[in-house]
Amino acid sequence: MRIAPQPGERIDRRKPFTFEYDGAKITGFEGDTIGSALYAAGRRVFSRSFKYHRPRGLLCCSGDCPNCMMTVDGVPNVRLCVEPVRDGAVVRAQNVLGSLDRDLLSITDKIGGPFTPVGFYYRTMIRPRRLWPLYEKFLRNVAGLGKIGENGTHRRYDTEHRRVDVLVIGGGRAGREAAARAEGDVLLVDEHGGGGALKGRALGIYEGGLVPVDAGDVLYRFRAERIVVATGGIEQPLVFPGNDLVGVMLPNGVRRLTRDWSIKPGERAVVVTADDAGLEAAGDLRAVGTEVARVVDLRSERIVQLAAVGKRGRLSAVLVDGEAVDCDVLVMSGGRQPAYSLLAQAGARVEYEPRRGIFVPTELPENVEAVGSAAGDLEGAAVPAASYDGGDGKCFVCICEDVTEKDVKRALAEGFDSIELAKRYTTATMGPCQGRLCHLQSIRMLARETETDEAAIGTTTARPPWGPVELGLLAGRHYEAMKRSPLHFRHEEAGATMMWTGAWRRPFAYGDPAAEVRAVHESLGVIDVSTLGKIIVEGPDAAELLERLYPNRFADLAVGRIRYGVLTTDGGRIMDDGTVARLGDDLFYVTTTSTGSESVCEWFEWWNAVWGYDAEIVNVTGALAAVNLAGPQAREALGALTDADVSNDALKYLDAKEITVAGVPCLALRIGFVGELGYELHCAASAGEHLWDALVARGAVPFGLEPQRVLRLEKAHVIVGQDTDSESNLLSAGMPWIVKEKPDFVGKWAVELVEERGIRERLVGFTMDGGLLPPEGAQVVENGKSTGRVTSSRVSEQVGKVIGLAWVRPERADDGTRLSIRIAGADHPATVTLAPFYDAEGAKLRS
Amino acid sequence: MRFMSHPEGVEFASPLRHVDGIDDVSHLGKWEIRGDAHGLDGEVIRISPDRALVVGDRRPDAPRVYDMTAALAAFEVEGEDLMRRLTELDLDELPAIGSILRGTPALIERRGGERFRLYVPQELGHYVAETVVDLAKGLGR
Amino acid sequence: MFLLACPHCGPRSVDEFKYQGEVTRRPPERPTLRELTDYVYFRDNVAGVQREWWYHGTGCGLWFVAERDTRTNEVLRTEIPEPSRGRTPAPVEAAVPDTPAV
Ligand code: FES
Ligand SMILES: [Zn+2]
């Protein structure tokens with residue numbers, strides 16, 4: 001097959017490479033592609049078509065069509081004609097049952113008509129419903145192209161950002177000239193590389209001059225001031241019966257086989273061409289010894305009949321106006337169509353030019369330029385017929401999706417007469433070639449059938465990607481932005497079970513959560529609360545700003561004191577809660593929930609952008625480590641580590657004070673999210689471990705989130721976002737006391753309107769009569785109907801009961817009301833409890 | 001607000017202490033200035049119209065200063081190619097604060113030649129540094 | 001991923017910003033239920049140029065207002081809005097333009 005060495009060939013015969021194809025060893029040379037090496041070795045069938053499983057062979061040798069896709073080293077849909085040979089590659093056919101030459105699924109080609117008519121996706125295999133599992137299994141087996149190995153190797157993909165003044169897409173003559181002309185920082189990309197071009201495929205042109213380029217393992221994201229599109233023209237196939245037979249080729253396929261790889265494509269050829277490309281291919285064929293039996297130049301010869309016939313899917317003869325010519329190669333050339341897709345994506349208009357029968361880009365956006373064939377700068381070609389007939393073979397408009405002329409006519413008959421609808425219904429242009437070889441053909445056929453012209457039919461919307469791309473490349477590296485507390489490594493060292501809470505990793509528990517709960521109740525526990533949002537609000541207007549953001553009062557908060565605060569929106573929704581400590585006349589220290597720190601900070605800044613108060617809002621969440629030391633022994637332990645007076649008089653419940661603990665300056669906040677005497681200590685993050693170690697050395701037992709959730713539930717403390725949702729307001733969540741009389745605050749009107757209209761639901765505490773634990777989300781039922789839901793529930797050893805929070809109808813919200821909660825299909829009695837379950841008066845907190 | 005500052009006599013636990021392969025400079029003093037930052041000592045990096053970061057050992061003398069030494073992890077890396085795999089920011093327009101690794105905020109400055117310094121929120125420092133080391137491996141380093 | 005010009009940082013990829021919706025008008029005094037609902041929930045959703053709030057979250061942290069054509073994503077203008085100087089007590093503030101909602 002390989003001819004004697006000839007000048008200009010692109011292979012280096014001294015450098016052989018051997019790969020494996022279906023068990024056989026195949027050898028090619030440097031400069032070969034896997035496709036050319038296989039062709040040289042005698043392989044003609046490269047794939048089976050999508051729907052009918054017809055044999056397909058090399059068509060374009062440019063990476064434009066679907067015909068040579070195989071699985072290489074486990075990666076499906078690799079185009080062999082552009083995949084360089086390499087040693088040890090393992091190449092397998094895909095989309096076949098059996099082998100490429102004998103594919104059992106090709107039965108669909110014979111009987112396919114009734115089974116796979118156009119639009120069959122939408123209407124076959126639907127009834128009877130009960131057979132769907134069977135259908136599904138079958139469809140999954142035959143659908144799609146190629147298979148991804150479940151144990152496929154993980155490849156590494158990277159993204160690289162580049163800025164250039166000028167990006168030239170396409171390394172043909174026009175592209176290279178444009179790059180040489182351009183000024184500034186210029187970069188040329190080309191799918192095949194070479195000539196100083198970056199090897200990669202531009203996938204699209206997005207807003208802001210963004211051009212992603214697929215370079216295999218790296219996705220380049222170019223931002224270009226100016227983009228020059230030089231994507232060239234695409235050789236167009238002709239539409240006639242048998243136009244998909246193995247042996248039917250585009251001129252470029254012949255050019256590459258003969259000139260680049262020194263391969264003789266076949267013994268006898270026929271050429272049907274609308275332009276010079278076909279004539280050149282005829283010359284190439286003769287040069288390698290292929291007999292050219294007949295050349296039809298559509299520019300001078302008018303034909304009405306054209307058909308290819310074959311045996312077992314391989315070309316054996318061509319019929320031209322009644323004359324049959326035996327051949328094994330047919331070169332078809334329907335002229336070239338500018339590759340305008342990228343331009344259209346960028347916003348260019350595309351116009352039909354009837355004289356040349358092509359679509360050309362016009363009205364380019366400011367920063368985009370088109371040069372060469374892509375701009376429509378093409379030699380004249382004859383305009384071929386929408387289709388030729390002359391036989392009863394299948395006449396393909398779209399070879400990727402196996403859409404025939406008949407399918408298009410049928411879709412039209414069913415009323416899908418606009419190009420966008422016909423495209424979706426027939427799926428023509430939706431396959432791997434992305435319209436390169438079928439878009440123009442579909443439009444032409446619709447125009448002919450509807451007796452309008454191509455301009456009236458118009459084009460479909462061009463969208464990225466301009467060519468297939470691996471999903472892995474688009475996804476890029478997997479970034480898991482994990483937030484670690486300053487004490488993170490202490491938790492790991494202690495063997496804590498870690499869990500995600502938002503972006504944070506936090507200890508669920510260090511061992512037995514129940515034991516950790518007990519430690520807090522009976523002696524001393526310590527929990528890492530560094531994840532709490534922390535915001536400093538400072539300035540002459542700080543108090544006034546807070547007054548307007550919170551429903552309760554802060555202007556009258558004494559220096560050194562703390563108040564609980566809830567933030568609501570103007571719609572009345574509860575958005576976050578936390579504490580506000582006044583550290584000075586103009587200085588407040590605000591804490592938020594762990595997940596709320598960023599949104600609360602934004603919220604403060606947003607309102608202040610509107611109001612313009614003289615107050616700084618400083619997010620210091622990450623600057624500080626924070627721990628909560630809690631339990632009956634908390635004061636004693638703290639006292640042992642500080643010189644400061646921490647007696648109940650000097651540091652009362654809801655006092656805030658700066659003290660030094662174990663040599664670390666801390667802000668001590670005497671507050672309790674858990675129900676025991678407790679201190680929150682906030683210090684510089686870099687000193688967090690030192691403080692933690694000192695507290696643990698004093699006997700504090702580290703406790704995790706799960707024990708904390710039990711402890712807070714015993715106090716019936718609400719967790720915003722868990723016990724509340726977007727419908728919850730201050731009144732329904734049982735916090736009417738927090739709303740103070742003042743001229744304005746965010747959410748004031750909503751609360752007032754709720755007050756007038758009454759609430760529809762109410763959040764209450766409950767205890768189960770029995771010992772069963774309802775799952776969070778369990779339904780509260782009345783007469784078999786759901787009237788509420790459980791949002792939190794835990795077993796509390798301390799209370800000796802199963803306790804929880806639930807939303808119920810306001811009529812059922814009085815203390816002592818009996819409720820029914822459905823657990824696993826059965827209803828179980830519970831009782832509404834409005835006071836906290838543990839230490840209802842808060843004596844422990846104050847002690 | 002002494003509690004914002006790292007105390008003397010206590011070891012500075014850098015957020016990057018468990019990452020190998022980067023030059024950790026987290027211990028550098030970092031101060032956020034609100035309002036006018038003109039005429040201050042040390043290296044002044046403007047963050048927004050009324051915010052600036054001053055890097056230096058001494059607390060700058062300004063009315064509104066917040067100690068961010070512990071809040072920001074800081075490290076230095078080499079190579080524009082590596083930086084281009086981290087961020088879309090224009091490396092000719094530094095210092096700048098913007099997105100790295102698809103969504104993590106960072107303040108980036110050039111320390112001469114191809115050396116860059118990144119400041120990132122302390123809580124994300126370990127993750128960022130670890131990822132940067134891995135990206136550098138992808139470039140054969 | 002169009003570019004948006006932060007008034008401080010200049011043009012940046014839009015994914016550095018948080019979009020906070022159309023600029024709305026907070027009622028100057030206590031609204032009726034209808035007015036409140038309008039303000040909180042209803043948006044003009046124009047196909048054309050609209051004024052909207054943006055936050056340079058993965059950047060300088062500035063809140064600003066942009067005028068963007070929702071059909072093309074072309075950003076015509078960005079600005080730091082003039083605050084309404086909230087020092088004055090609320091009721092006097094007859095016209096708070098440019099108020100965030102929800
Ligand atoms: S022959 Fe390989 S893509 Fe067409
Ligand atoms: Zn900015």
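Calculation rules
Residues numbered from 1 in each chain as written. Chains lettered and ligands numbered in written order. Predicted model: local features only at pLDDT ≥ 70, side-chain atom pairs only at ≥ 80, totals over all residues. Heavy atoms only, no water. Helix = DSSP H or I, 4+ residues; strand = E, 2+ residues; numbered from the N terminus. Buried < 20%, exposed > 50% of the residue type's maximum accessible area, 1.4 Å probe, protein only. Areas by Shrake-Rupley, 256 points an atom, 1.4 Å probe, with all protein chains shown as cover. Rg over C-alpha atoms; globule rule 2.2 N^0.38 Å. Contact = heavy atoms within 4.5 Å. Lys, Arg positive; Asp, Glu negative; His and termini not counted. Charge placed at Lys NZ, Arg CZ, Asp CG, Glu CD. Buried area = accessible area lost by both parts, 1.4 Å probe. Salt bridge = Lys/Arg side-chain N within 4 Å of Asp/Glu carboxyl O. Polar contact = N/O pair within 3.5 Å; in protein donor to acceptor, adjacent residues only side chain to side chain. Nonpolar A, V, L, I, M, F, W, Y, C, P; charged D, E, K, R; others polar. Pairing = 2+ DSSP bridges. Axes fitted to C-alpha atoms, helices over the stretch in contact; angles between N-to-C directions. Donors = N, O, S within 2.8 Å, 3.2 Å for Na, K, Ca; no water. Tetrahedral: all angles 85-135°; square planar, octahedral: opposite > 155°, others 65-115°. Parallel < 35°, antiparallel > 145°, perpendicular 65-115°, else oblique. Left-handed = near helix turned anticlockwise from the far one by under 90°. Expected span 1.5 Å × (residues − 1).

**Describing the overall build of chain C**
Move 1: In terms of helices and strands, chain C carries one helix and six strands.
Move 2: Secondary structure elements of chain C, listed N to C terminal, follow the sequence β-β-β-α-β-β-β.
Move 3: For chain C, buried positions account for 48% of its 102 residues.
Move 4: Counting only carbon and sulfur atoms, one obtains 53% of the accessible surface of chain C, whose full area is about 5200 Å².

**So, the overall build of chain B**
Move 1: When its secondary structure is counted, chain B shows two helices and nine strands.
Move 2: N-terminal to C-terminal, the α/β element order of chain B is β-β-β-β-β-β-α-β-β-β-α.
Move 3: Taking 2.2 N^0.38 as the reference for a compact globule, 141 residues should give roughly 14 Å; the C-alpha atoms of chain B span a radius of gyration of 15 Å, in line with that estimate.
Move 4: Dimensions of chain B along its principal axes, counting C-alpha atoms only, are 45 × 35 × 25 Å.
Move 5: Put simply, chain B has 141 residues, and 60% of those count as buried.
Move 6: Here the analysis covers contacts within chain B between residues at least 6 apart in sequence; of these, 59% occur between residues at least 24 apart.
Move 7: Of the accessible surface of chain B, which amounts to about 5900 Å², a share of 44% is contributed by carbon and sulfur atoms.
Move 8: Across chain B, the mean location of the 18 positive side-chain charges is 3 Å away from that of the 26 negative side-chain charges.

**Here's the deal with the interface of chain A and chain B**
Move 1: Counting from both sides, the interface comprises 54 residues of chain A and, opposite them, 38 residues of chain B.
Move 2: Between chain A and chain B, roughly 4200 Å² of surface is buried when both sides are summed, and carbon and sulfur atoms account for 53% of that area.
Move 3: At the junction of chain A with chain B, the criterion picks out eleven salt bridges.
Move 4: Note that Glu 88 of chain B and Arg 223 of chain A form a salt bridge whose closest N and O atoms lie 2.4 Å from each other.
Move 5: Applying the counting rule to chain A against chain B returns 24 residue pairs in polar contact (both at pLDDT 80 or more).
Move 6: Each residue belonging to the side of chain A that touches chain B can be placed in one class, and the counts come to 27 nonpolar, eleven polar and 16 charged.

**Focus on helix H16 (residues 542-549) of chain A**
Residues and elements named next belong to chain A.
Move 1: The element H16 is largely enclosed, with a buried count of seven among its eight residues.
Move 2: Listed as buried for H16 are Ala 542, Ala 543, Leu 545, Leu 546, Glu 547, Arg 548 and Leu 549.
Move 3: Lining the buried residues of H16 we find strand S31 (533-538), strand S32 (562-568), strand S33 (574-584), strand S34 (587-592), helix H17 (597-611) and strand S35 (616-619).

**Considerations on the sheet that holds strand S16 (residues 268-273) of chain A**
All names here are of chain A.
Move 1: Spatial ordering of the open sheet is given by S15-S21-S16-S17, a layout of four strands whose pairing is parallel. The sheet is open, and its two edges are formed by strand S15 (248-249) and strand S17 (291-297), each paired on a single side.
Move 2: Where S16 and S17 come together, six bridges link them in parallel fashion. Residue pairing in the sheet places Val 270 in a bridge with Arg 294 of S17.
Move 3: Packed onto the sheet, helix H7 (residues 276-287) meets S16, S17 and strand S21 (329-333) and runs at close to 175° relative to S17.

**Observations regarding unusual backbone geometry**
Residues and elements named next belong to chain A.
Move 1: With an omega of 0°, the peptide bond between Pro 464 and Pro 465 qualifies as cis.
Move 2: Its location among the elements puts Pro 465 in the loop between helix H12 (454-457) and helix H13 (471-475).
Move 3: Residues other than glycine seldom take positive phi values, yet Asn 77 does so here, at roughly 60°.
Move 4: Here Asn 77 is to be found in strand S6 (residues 75-79).
Move 5: In this structure Asn 77 comes out as partly exposed when scored by relative accessible area, which is 31%.
Move 6: Its identity is not glycine, yet Ser 262 carries a phi of approximately 55°, on the positive side.
Move 7: In this structure, Ser 262 sits in the loop between helix H6 (251-260) and S16.
Move 8: The class of Ser 262 is buried, set by a relative accessible area of 0%.

**Some thoughts on the interface of chain A and chain C**
Move 1: Counting residues at the interface gives 32 residues for chain A and 38 residues for chain C.
Move 2: Across the chain A to chain C interface the summed buried area is about 3000 Å²; carbon plus sulfur atoms make up 55%.
Move 3: Linking chain A with chain C are five salt bridges, by the criterion used here.
Move 4: Linking Arg 26 of chain C and Asp 744 of chain A is a salt bridge whose minimum nitrogen-to-oxygen distance equals 2.9 Å.
Move 5: On the surface where chain A and chain C come into contact, there are nine residue pairs in polar contact (both at pLDDT 80 or more).

**A few points about the coordination of the zinc ion (ligand 2)**
Expected angles at a metal are 109.5 degrees for tetrahedral coordination by four donors and either 90 or 180 degrees for octahedral coordination by six donors.
Residue and element names in this part refer to chain C.
Move 1: For the zinc ion (ligand 2), the full set of protein donor atoms is Cys 6 (SG), Cys 9 (SG), His 56 (ND1) and Cys 60 (SG), and the range of their distances to it is 2.0 to 2.4 Å.
Move 2: Here the zinc ion (ligand 2) binds four donor atoms, and the angle range of 105 to 115° at the metal identifies the geometry as tetrahedral.
Move 3: Mapping the donors of the zinc ion (ligand 2) onto the primary sequence yields the spacing C-x2-C-x46-H-x3-C.
Move 4: Residue classification places His 56 among the buried residues on the basis of a relative accessible area of 0%.

**As for the pairing of strand S5 (residues 69-72) of chain A**
All names here are of chain A.
Move 1: Neither face of S5 is exposed, since Met 69 and Thr 71 on one face and Met 70 and Val 72 on the opposite face are all buried.
Move 2: The antiparallel hairpin formed by S5 and S6 contains two residues in its connecting segment, where Asp 73 sits at a positive phi of about 50°.
Move 3: The pairing of S5 with strand S7 (residues 90-92) spans two bridges and is classified as antiparallel. Residue Val 72 lies in a different strand from S7, and its bridge partner there is Val 91.

**Brief notes about the packing of helix H15 (residues 513-522) of chain A against helix H20 (residues 705-714) of chain A**
Residues and elements named next belong to chain A.
Move 1: H20 packs onto H15 with a crossing angle of 50° between their chain directions and a minimal axis gap of 8 Å. For the element pair H15 / H20, the angle class is oblique. The handedness of the crossing between H15 and H20 is right-handed. Together, Pro 513, Glu 516, Val 517, Val 520 and His 521 of H15 and Glu 706, Pro 707, Val 710, Leu 711 and Glu 714 of H20 make up the contact between the two elements.
Move 2: Within the contact of H15 with H20, the residues separate by chemical class into six nonpolar, one polar and three charged.

**What about the side chain of Ser 26 of chain B?**
Residue and element names in this part refer to chain B.
Move 1: Here Ser 26 shows up in the loop between strand S1 (23-24) and strand S2 (30-34).
Move 2: You can call Ser 26 buried: its relative accessible area is 1%.
Move 3: Ignoring any residue separated from it by four or fewer positions in sequence, one finds Ser 26 in contact with Phe 12, Ser 14, Pro 15, Leu 16, Thr 69, Leu 72, Ala 73 and Ala 74.

**A look at helix H11 (residues 439-450) of chain A**
All names here are of chain A.
Move 1: Counted at 1.5 Å a residue, the expected span for H11 with its twelve residues is 16 Å, and the 17 Å between its end C-alpha atoms agrees.
Move 2: Of all twelve residues that make up H11, nine are buried, and the element is covered over most of its length.
Move 3: All buried positions along H11 are accounted for by His 439, Leu 440, Gln 441, Ser 442, Ile 443, Arg 444, Met 445, Leu 446 and Ala 447.
Move 4: Once H11 finishes, Glu 451 follows within two positions and takes phi at roughly 55°, a positive value.

**Here we look at the environment of Arg 2 of chain A**
Residue and element names in this part refer to chain A.
Move 1: Mapped onto the secondary structure, Arg 2 falls in the segment before strand S1 (12-21).
Move 2: One polar contact links Arg 2 to Asp 32, side chain to side chain, over a distance of 2.7 Å.
Move 3: One polar contact links the side chain of Arg 2 to the main-chain carbonyl oxygen of Trp 261, over a distance of 3.0 Å.

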